[in-house]
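The residues making up each chain are set out below.
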Amino acid sequence: MNDVVVGITGASGSAYAKRLIEVLLDAQLRVHLTISQAGAHVIRAELGLHCDLQNFDPRTLELQRGTERLVYHHYSDFSASIASGSFLTSGMVICPCSMGTLAGVANGLSANLIQRAADVHLKERRKLIVVPRETPLGSIQLENMKRLADAGAVVLAAMPGFYHQPKSIADLIDFVVGRICDQLGIDANLMRRWGS
């Protein structure tokens, strides 16, 4: 399967999402993108990019190439292909994943398309990767993360390593995106690995 779902929610870390989409498109995958309202606000605040969620244009994200393989789904469109378990994908990544989204997925709320698609991935036993970017974490957030991990999701907190001797913020972003790609089985070659 060459389809991957990416959900962008309202946690800080939209640079991770943008880079992830670039890498997935470079790997010739079709990316099904959905962005929450809060996610669009964070993209604007952190990247200076305005996302019109009603009339989304992939050029908004200033991607260099591959936008013909980017399929956008509005966060309230429950008729979207990614809302159904019969639509096959290689996995889903929620990056960044807000604590509200994490709680919604952990409790099966399906309040929007991002939560519904995540619920589908869990019930179909497909790869679901959540990338929380929050600190500090309280017991409620930790319990929700454990609940998701117990349900089969991968909780991949946006915690860059430093053993690869990063020289820039881009290196730190690539570390996290590289680890996400590892979980999807994509060799993106974005970082120097430990022991290499």
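Look up: the structure comes first, before these words.
The text that follows walks through the structure, step by step, so that each part is easy to find.

The buried count for strand β5 (residues 128-132) comes to five of five residues, which makes it a mostly enclosed element. Residues of β5 alternate between two faces, with Leu128, Val130 and Pro132 on one and Ile129 and Val131 on the opposite face, all of them buried. Across four bridges, strand β4 (residues 91-97) lies against β5 in parallel orientation. Within β5, the position partnered with Val93 by the bridge is Ile129. With two bridges joining them, β5 and strand β6 (residues 154-155) adopt parallel strand pairing. Among the inter-strand pairings, Ile129 is bridged to a residue of β6, identified as Val154. The parallel pair β5 and β6, bridged by helix α5 (residues 139-151), forms a crossover whose chirality is right-handed.

Glancing now at the state of the cysteines. The bond known as a disulfide is covalent and runs between the sulfur atoms of two cysteines. For the structure on display, the rule yields zero disulfides. Cys51 takes part in no disulfide bond, and the closest cysteine sulfur to it belongs to Cys95, at a distance of 14 Å. Accessibility expressed as a relative area gives 4% for Cys51, which makes it buried. The cysteine Cys95 is free of any disulfide, with Cys97 supplying the nearest cysteine sulfur at 9.3 Å.

Moving on: the packing of helix α3 (residues 99-106) against α5. At their nearest, the axes of α3 and α5 sit 9 Å apart, and the two run at 45° to each other. Taken together, α3 and α5 sit at an angle that is classed as oblique. α5 is crossed by α3, and the crossing has left-handed handedness. Packed against α3, whose contacting residues are Met99, Leu102, Ala103, Val105 and Ala106, the element α5 presents Gln141, Asn144, Met145, Arg147 and Leu148 at the interface. A class-by-class count of the residues in the contact of α3 with α5 yields seven nonpolar, two polar and one charged.

Procedures and definitions
- Residues numbered from 1 in each chain as written.
- Predicted model: local features only at pLDDT ≥ 70, side-chain atom pairs only at ≥ 80, totals over all residues.
- Heavy atoms only, no water.
- Buried < 20%, exposed > 50% of the residue type's maximum accessible area, 1.4 Å probe, protein only.
- Helix = DSSP H or I, 4+ residues; strand = E, 2+ residues; numbered from the N terminus.
- Pairing = 2+ DSSP bridges.
- Right-handed = clockwise from strand over helix to strand, strands pointing away.
- Disulfide = S-S within 2.5 Å.
- Axes fitted to C-alpha atoms, helices over the stretch in contact; angles between N-to-C directions.
- Parallel < 35°, antiparallel > 145°, perpendicular 65-115°, else oblique.
- Left-handed = near helix turned anticlockwise from the far one by under 90°.
- Contact = heavy atoms within 4.5 Å.
- Nonpolar A, V, L, I, M, F, W, Y, C, P; charged D, E, K, R; others polar.

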